[in-house]
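Breakdown of the fold
Listed below, chain by chain, are the residues.
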Amino acid sequence: MTDKAFNVIVAGATGAVGTQMITCLEEQDFPVDKLKFLASSRSAGKSLTFKGKAIEVEELTHDSFAGFDIALFSAGGGTSKTFAPSAAEAGCIVVDNSSAWRMDADIPLVVPEVNPEAVADYKKKGIIANPNCSTIQMVVALEPIYREFGIERLVISTYQAVSGTGVAAVEELRTQTVDLLEGKPARAGVYPHQIAFNCLPHIDVFLDNGYSREEMKMVNETRKIFGDETIRITATTVRVPVFNSHSESVNIQTKSKATAEQIRELLSKAPGIEVMDDPSNNVYPLPVHAAGKDTTYVGRIREDESIENGINMWIVSDNIRKGAATNTVQIAQLLANNYL
């Protein structure tokens, strides 16, 4: 832990992830000297609280970064593309939560439990990328397995909460649920179809290969984080009528044989993971277990009897916390402790 204190910016401070970043800075007791909140002109002038002190939100501009050390961005990819280089030029290191920089070869894509050493590459462009929420929780669970047994192939199915789309999607699920229970029609606006009492195999736009962009994020980001382009990966991502926390069914083909018991023991000792795996007593991870927490929960660990070296598992984590805000602040902690 460093003895220094840092000047920190939260850009996109009034959004769902931005406000959670502020909470995480408090909870992790990040060494803040001066704190600035930035947002669009629509939100400028609002007041947010940090450790009991009200701080007025300022408009994000290219001149916002002089004299600051770290900027935590959660303002969308377009905003990040526009303003993150200005921050870096001003000597303010950006930790960005959007998809804008993740696949840039010169920008590290970091999950602290998996590849903390990659933070050092921030020096190339002054920017560090935070992975996609569904990728983060999965690679936290996969890292010990990858290191111990190797991974040949992954087959991924996700069950993603509406909070991953934003505040409007949360309200749409709430409103549709009430309307349908009262016998009224469900009105879709955020999603192309009704989300209440439904599942949508459609997250982000569809690409020419038939996969969605969300699915290809999981493929490409996982390979980059592990530094291994040989892992064969296929994914299907689904939006489900859950307010918070993403769930994933992951089928793993390891390079060397691993038993279910070996996997349980390995994961029970890994940082950031809690194993909940006693199905005979109805013990397995649920979205309600993860909501509001930073832990990645793993259960339903079993051997896949249909393939050689196959393991199945179920992974659940809070997509706003570990899947976004917490991971961003953890990266900032690595910067503060080891590089600044």
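Structural data are supplied above this passage.
Summary of the structure given here. (Residues numbered from 1 in each chain as written. Predicted model: local features only at pLDDT ≥ 70, side-chain atom pairs only at ≥ 80, totals over all residues. Heavy atoms only, no water.)

So, the pairing of strand β4 (residues 53–56)
Note: strand β3 (residues 47–50) against β4, four bridges, orientation antiparallel. Within β4, the residue paired with Leu 48 across the bridge is Ile 55. Where β3 folds back on β4, the antiparallel hairpin that results is connected by two residues, among which Lys 51 adopts a positive phi of roughly 50°. (Pairing = 2+ DSSP bridges. Helix = DSSP H or I, 4+ residues; strand = E, 2+ residues; numbered from the N terminus.)

Regarding the sheet that holds strand β8 (residues 127–129)
Taken in spatial order, the six strands line up as β5-β2-β1-β6-β7-β8 in an open sheet, and their pairing is parallel. Because the sheet does not close on itself, it has two edges, and the strands there are β5 (58–59) and β8. As paired strands, strand β1 (residues 6–11) and strand β2 (residues 32–39) are joined by five bridges and run parallel to one another. From the neighbouring strand, Ile 9 faces β2, where its bridge partner is Lys 36. Across the sheet, helix α1 (residues 16–27) touches β1, β2 and β6 (70–73), and the angle it forms with β1 is around 155°. (Contact = heavy atoms within 4.5 Å. Axes fitted to C-alpha atoms, helices over the stretch in contact; angles between N-to-C directions.)

Structural notes on the sheet that holds strand β12 (residues 273–275)
The strand order across the open sheet formed by six strands is β10-β9-β11-β14-β13-β12, and the pairing between neighbours is mixed. Whereas interior strands pair on both sides, the edge strands pair on one side only; in this sheet they are β10 (232–239) and β12. For this sheet, the mean angle separating the axes of adjacent strands, direction not counted, is 20°. Direction of pairing for strand β11 (residues 246–254) relative to strand β14 (residues 310–317): antiparallel, over a ladder of eight bridges. From the neighbouring strand, Ser 247 faces β14, where its bridge partner is Val 316. Running at roughly 140° to β10, helix α5 (residues 213–226) makes contact with β9 (151–160), β10 and β11 of the sheet. Packing against the sheet, helix α6 (residues 260–268) makes contact with β12, β13 (296–304) and β14, and its axis sits at approximately 165° to β13.

Overview of the packing of aromatic side chains
Geometry of an aromatic ring pair is reported as the spacing of the ring centres plus the angle between the planes. Enumeration according to the criterion identifies five aromatic pairs in this entry. Seen from their ring centres, Tyr 159 and Trp 314 are 5.4 Å apart, and the 50° between their planes marks the pair as tilted. Residue Tyr 159 is found in strand β9, and its partner Trp 314 is found in strand β14; the two are separated by 155 residues along the sequence. Residue class for Tyr 159 comes out partly exposed when judged on its relative accessible area of 34%. (Phe/Tyr/Trp six-rings, centres within 6.5 Å; stacked < 30°, edge-to-face > 60°. Buried < 20%, exposed > 50% of the residue type's maximum accessible area, 1.4 Å probe, protein only.)

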